[in-house]
Amino acid sequence: MDTTTEAEIRDLTTQRLEKAMGTFGTAALNSMEEHLPWFRRMPPDQRSWIGLVSQAGIAAFVEWFKSNEQTRPAIAGEVFGTAPRELLRSIKLQHTIDMIRVIIDVVETRLDELAAPGGEAQLREAILRYTRDVAFGAAQVYARAAETRAAWDARLEALVVNAVLRGEVDDGMHSWAAALGWTSKPVTVIAGFTPEDEEPEVTIDQMQLAARRARADVLAGVQGRRVIVIVGGEADPMEAARPVAAKCGPGPVVVGPQVGDLYDSTMSARAAVAGLRAAAGWPDAPRPVHAAELLPERALDGDEEARRYLVEGVYNPMLAAGAPLLDTLTTYLEQGSSLEATARLLFVHPNTVRYRLRRVTELTGLAPTDGRNAFTLRIALVLGRFAARSPRAQ
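First, a word on what this report is: a plain description of the structure on this page. (Residues numbered from 1 in each chain as written. Predicted model: local features only at pLDDT ≥ 70, side-chain atom pairs only at ≥ 80, totals over all residues. Heavy atoms only, no water.)

1. Observations regarding the overall build of the chain
Then step 1. What the chain contains, in helices and strands, is 18 helices and five strands.
Then step 2. Each of the 394 residues in the chain was classed as buried or not, and the buried ones make up 44%.
Then step 3. Residue pairs in contact within the chain that sit at least 24 positions apart in sequence constitute 68% of those at least 6 positions apart.
Then step 4. As displayed, the chain has an accessible area near 20,900 Å², and 53% of this comes from carbon and sulfur atoms. (Helix = DSSP H or I, 4+ residues; strand = E, 2+ residues; numbered from the N terminus. Buried < 20%, exposed > 50% of the residue type's maximum accessible area, 1.4 Å probe, protein only. Contact = heavy atoms within 4.5 Å. Areas by Shrake-Rupley, 256 points an atom, 1.4 Å probe, with all protein chains shown as cover.)

Pasting the structure below:
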């Protein structure tokens with residue numbers, strides 16, 4: 001009668017495993033070469049690292065098998081500790097699972113040869129338990145790497161947004177953006193507020209998800225309660241802003257002008273931030289609202305770019321067209337937008353007033369008959385007169 005104990009069978013199986021261990025790695029690599037197309041396409045150095053990982057996994061299994069439950073080593077540390085970080089970036093989790101399957105197959109094909117008499121079931125159960133632990137260990141390694149990569153990406157993203165706001169859009173900033181996979185053109189910057197009682201990371205994740213659904217690229221950063229979003233790859237800035245606005249908190253959402261690429265994005269960012277600050281002056285503004293629609297509020301709030309545009313882009317073209325145009329617009333606005341009153345005061349026919357107001361619209365893109373446009377024109381007139389006053393009056 002065979003009185004060999006389970007522990008003795010384990011010791012005999014361990015001895016067989018240790019003798020055959022040297023051939024396992026070669027057999028595993030040969031099997032990977034045969035069954036895994038992605039492995040055949042890898043460069044030699046990476047295949048060499050995989051061979052070391054396979055050897056480490058087999059050696060760790062032998063140590064694991066012969067040790068008791070209390071002293072068994074941590075699987076992830078034993079198996080994946082030999083792998084460089086570069087290997088994690090080149091091998092997907094699915095590839096790691098494929099490797100584990102191949103190694104299991106190699107071992108199972110020699111199960112009868114490796115197990116001591118009566119130890120086949122014991123070895124088979126050990127293989128199943130060990131590979132389960134290896135799979136969990138691999139998942140933990142990749143999860144930690146993903147968390148680290150996500151944290152690094154978030155820091156890079158914040159650096160890009162801050163650089164755009166500060167106007168430091170140099171090659172270094174473009175390298176950060178490239179590391180995040182950013183290649184989109186044209187670019188629009190959107191400014192809004194974060195939802196109340198929501199973590200900044202959650203806000204950014206929600207905006208990125210909404211942008212992906214709209215097939216746009218997004219870089220976002222939160223500064224206090226303000227959120228700045230750089231959107232690329234969208235033809236219509238207002239369309240790009242709508243999914244972002246839906247994820248912002250209460251308050252205005254301002255869309256800067258569209259620019260050619262990330263190098264020019266500071267101009268869009270400044271306009272959006274200035275508009276966000278000045279939007280309190282127009283409580284009924286649409287959401288989202290274009291920064292150009294907030295020109296009068298931005299000018300009153302001290303935005304020099306808005307002031308410059310109202311003088312150079314609105315007042316000066318009317319001034320160049322002749323004094324009658326400015327006189328007619330000024331009188332029309334002061335008379336409460338009344339054609340008849342304006343015509344009487346200027347001693348001209350109402351049709352002449354209509355013609356001159358149409359010229360104003362053609363030159364500035366602003367219709368004096370529209371209440372909102374009339375407000376913008378009035379601010380432009382004041383700023384233009386300030387700019388034209390004599391030095392002695394300043």
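2. What to know about the packing of aromatic side chains
Then step 1. Counting across every chain of the model gives zero aromatic pairs.
Then step 2. Above the face of the tryptophan 282 ring, arginine 372 is positioned so that its terminal group lies 3.6 Å from the ring centre. (Phe/Tyr/Trp six-rings, centres within 6.5 Å; stacked < 30°, edge-to-face > 60°. Lys NZ or Arg CZ within 6 Å of the ring centre and 35° of its normal.)

3. Description of unusual backbone geometry
Peptide bonds are trans in most cases, and residues, glycine excluded, mostly fall at negative phi.
Then step 1. The residue after arginine 287, namely proline 288, is reached through a cis peptide bond having omega 0°.
Then step 2. Here proline 288 lies in the loop between α12 (265-278) and β5 (289-290).
Then step 3. A positive phi angle, close to 60°, is found at phenylalanine 347, a residue other than glycine.
Then step 4. Along the polypeptide, phenylalanine 347 turns up in the loop between α16 (339-346) and α17 (350-364).

4. Details of the pairing of strand β3 (residues 226-232)
Then step 1. Taken across its seven residues, β3 has six buried, putting it largely inside the fold.
Then step 2. Across seven bridges, strand β1 (residues 187-193) lies against β3 in antiparallel orientation. Considered in β3, the bridge of alanine 191 is made with isoleucine 228.
Then step 3. Note that strand β2 (residues 217-223) and β3 share seven bridges and pair antiparallel. Within the sheet, the bridge partner assigned to leucine 219 lies in β3 and is isoleucine 230.
Then step 4. Counting the residues in the hairpin turn of β2 and β3 gives two residues, including glycine 224, whose phi is positive at 65°. (Pairing = 2+ DSSP bridges.)

5. As for the sheet that holds β2
Then step 1. With mixed pairing, the five strands of this open sheet are ordered in space as β2-β3-β1-β4-β5. Strand pairing shows two members of the sheet lacking a second neighbour, β2 and β5, which therefore form its edges.
Then step 2. Contacting β2 and β3, helix α10 (residues 200-213) crosses the sheet at an angle of about 160° to β2.
Then step 3. Across the sheet, helix α11 (residues 237-247) is in contact with β1, β3, β4 (254-255) and β5; its angle to β1 comes to roughly 35°. (Axes fitted to C-alpha atoms, helices over the stretch in contact; angles between N-to-C directions.)

6. Digging into the pattern of salt bridges
Then step 1. Tallying each qualifying case throughout the model produces seven salt bridges.
Then step 2. For arginine 242, the salt bridge is made with glutamate 239, and the minimal N-O distance between the two is 2.7 Å. Here the residue arginine 242 and the residue glutamate 239 both occupy positions in helix α11, the gap between them amounting to three residues, near one helical turn.
Then step 3. Assessed through its relative accessible area of 43%, arginine 242 is described here as partly exposed.
Then step 4. In this structure, the salt-bridge partner of arginine 372 is glutamate 297, at a minimum N-O distance of 2.5 Å. Remark: glutamate 297 occurs in helix α13 (residues 295-300) and arginine 372 occurs in helix α18 (residues 371-388); sequence separation between them is 75 residues.
Then step 5. Judged by its relative accessible area of 21%, arginine 372 falls in the partly exposed class. (Salt bridge = Lys/Arg side-chain N within 4 Å of Asp/Glu carboxyl O.)

7. Quick word on the environment of alanine 274
Then step 1. Locating alanine 274 in the fold gives a position in helix α12.
Then step 2. Taking C-alpha positions, alanine 274 is 6.3 Å from arginine 298, a pair spaced 24 residues apart along the chain.

8. Here we look at helix α1 (residues 6-35)
Then step 1. The terminal C-alpha atoms of α1 lie 36 Å apart, and with 30 residues this falls more than 12% below the ideal 44 Å at 1.5 Å per residue.
Then step 2. Considering bend angle alone, the principal kink of α1 is centred on methionine 21 and spans about 50°.
Then step 3. What α1 keeps buried is the set Ile9, Arg10, Thr13, Thr14, Leu17, Ala20, Phe24, Gly25, Ala28, Ser31 and Met32. (Expected span 1.5 Å × (residues − 1). Bend = angle between axes of the 7 residues up to and from the residue.)

9. Considering the packing of helix α14 (residues 304-321) against α17
Then step 1. At a minimum axis separation of 9 Å, α14 and α17 run at an interaxial angle of 130°. Here α14 lies oblique to α17, going by the angle between them. Along this stretch, α14 crosses α17, giving a crossing that reads as right-handed. On α17, the residues touching Gly313, Val314, Pro317, Met318 and Ala321 of α14 are Val360, Leu363 and Thr364. (Parallel < 35°, antiparallel > 145°, perpendicular 65-115°, else oblique. Left-handed = near helix turned anticlockwise from the far one by under 90°.)

Spatial relationships are all this shows, so hold off on functional conclusions.
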